[in-house]
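Working through the structure, step by step
Here are the chains, one letter per residue:
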Amino acid sequence: METTKKQTSNPWGLLIIVLILATAPPAALFKIASVQTTMINSLGLTSTQVGLLSSAFSLASVVMAIPGGLIAAKFGNWKTGLLSFLAVIVGGSIGVFFSGLSLLILARVIEGIGQVLIGLVGPSVISQAFSPEKRGKAMGVFMTYMSIASVMAYNVFPRIAKSSGWKGTWVFTTVFALICLVVWALLKKPISSTEVAVSNEEPPARLRDVVTNKSVWLISLQLTLCTIAFQAAYQFLSNYLVTVRGLEETTAGSLCSISGTIGILGSILAGAISDKLHTRKWVIIVLSVVCGLHFMLPTMLPTGLFAAYIFIFGLLGNGSGPVAMTAATEVVSSPKLAGVSVALVTLMMNVGILLASPIFGMILDMTNTNWTIAYVSMGFISIAGGCTLLFCKKLK
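Predicted model, so just to flag it, every value in this text is computed and none were measured. (Residues numbered from 1 in each chain as written. Predicted model: local features only at pLDDT ≥ 70, side-chain atom pairs only at ≥ 80, totals over all residues. Heavy atoms only, no water.)

Check the secondary structure of the protein chain and you find 19 helices and zero strands. The proportion of buried residues among the 396 residues of the protein chain is 53%. Considering only contacts in the protein chain between residues 6 or more positions apart, those separated by 24 or more positions represent 83%. Summed over its atoms, the accessible surface of the protein chain is roughly 16800 Å², and 69% of this surface lies on carbon and sulfur atoms. (Helix = DSSP H or I, 4+ residues; strand = E, 2+ residues; numbered from the N terminus. Buried < 20%, exposed > 50% of the residue type's maximum accessible area, 1.4 Å probe, protein only. Contact = heavy atoms within 4.5 Å. Areas by Shrake-Rupley, 256 points an atom, 1.4 Å probe, with all protein chains shown as cover.)

Here it is, written out as structure tokens:
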């Protein structure tokens, strides 16, 4: 049977609005890393504990990946978007009124559900609102929502924390999500126009067909390891600049935001280069190895070079993820399996995000806060990730 869909009259206008609104959940993600030092000092947390706070957000991404897809399929884009913002509001409200570590971890998990849902809704809206020949460009624009949220967090949140304490950032993200909820509710007609009714005569793509694919697992392992290295090195960099280099938290936050800004360009360039060279494998391997060497450098550089260091950090570090996602669609036997393959790789990437901060924090705690050992360890993890693709014979 045919797929029916209403025509979206102004898809680019809808894309821009959805892009802006979609920054609310990831803004909640980055509010811990951007004011990490303030929270450690205010709550007396260890590096491991603050790492758990950062990663608890990603726990929902692991647990809710498949259920989230079922929710989106059942309720549609508009209702799922409402649930996304509600989750951020509920989680943020817990952090506003309570300060206990257990409740803060719970709050982060609830907020993480919001991130899972908006991460499913956004691409669904874009894929249905745009014609195939424009869909790639539109999807590339939408996928900058994480980087935009990162830039906002590292520039705005340290300033809020300086004047209002760490709870001020929780109030900000909660109110921001509330505003986004209201705007999203008003967009029922254009958002609902991107929802389709499909009746498939062919058997659906099965998770088992992807789970038994060795190449998908190798790409997943590569992305998991590289995500651990990149996210850990990035999320603790502001703390390092404040506690070791003596920078103000606002200054450190502004420096770290360079990574998110230039990461937009890095993602686009990496994808374009892999298209031009007709290879995903070697672009990912080279990026992973070069990034690994770069991650080892922070403690060896003079403070004056950190702006340049973070620029390169963001340009290179944000490149392999989008290329790996594309690669995941090219190693399966049928186009029907592409979406399932990407879902599995995304799930494993979220596992990497979940593990990143606790691993880095534990290394610091076990080595008496030896930042050099911690950063060199991340470098080796990134290199190991890239090398896994040497065994991926299907991937070009």
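This is not the end of the story, as more comes after the structure.
Here we take up the side chain of Thr38. With respect to the secondary-structure elements, Thr38 resides in helix H3 (residues 36-43). On the basis of relative accessibility, which here comes to 16%, the residue Thr38 falls in the buried class. When near neighbours in sequence (up to four residues on either side) are disregarded, Thr38 contacts Ala161, Trp166 and Glu249.

Another aspect to go through is the confidence of the model for the protein chain. Any residue range with low pLDDT should be treated as having predicted coordinates unsuitable for detailed reading. Overall, the predicted model of the protein chain reaches an average pLDDT of 85, with 89% of residues at or above 70. Residue range residues 1-5 is modelled with pLDDT below 50. Its contacts to residues more than four positions away, or to other chains, number twelve contacts. This stretch, residues 197-202, has a pLDDT under 50; its non-local contacts, to residues over four places away or in other chains, come to seven contacts. (pLDDT = per-residue confidence, 0-100.)

So, on to the packing of aromatic side chains. Two aromatic rings, taken as a pair, are described by how far apart their centres are and by the angle between their planes. Within the structure shown, the criterion is met by 19 aromatic pairs. Judged by centre distance (5.3 Å) and plane angle (55 degrees), the rings of Tyr154 and Tyr234 are tilted. On the criterion of sequence distance, the pair formed by Tyr154 in helix H8 (residues 145-164) and Tyr234 in helix H12 (residues 214-235) is long-range, its members being 80 residues apart. Residues Tyr154 and Tyr234 agree in their burial class; the two are buried. Pairing Phe295 with Phe313 gives two aromatic rings, centres 5.1 Å apart and planes at 45 degrees, and the pair type is tilted. With Phe295 in helix H15 (residues 281-295) and Phe313 in helix H16 (residues 306-317), this pair connects stretches of sequence that are 18 residues apart. Each member of the pair Phe295 and Phe313 is classed as buried. Between Lys31 and the ring centre of Trp170, over which it is positioned, the NZ or CZ distance is 3.6 Å. (Phe/Tyr/Trp six-rings, centres within 6.5 Å; stacked < 30°, edge-to-face > 60°. Lys NZ or Arg CZ within 6 Å of the ring centre and 35° of its normal.)

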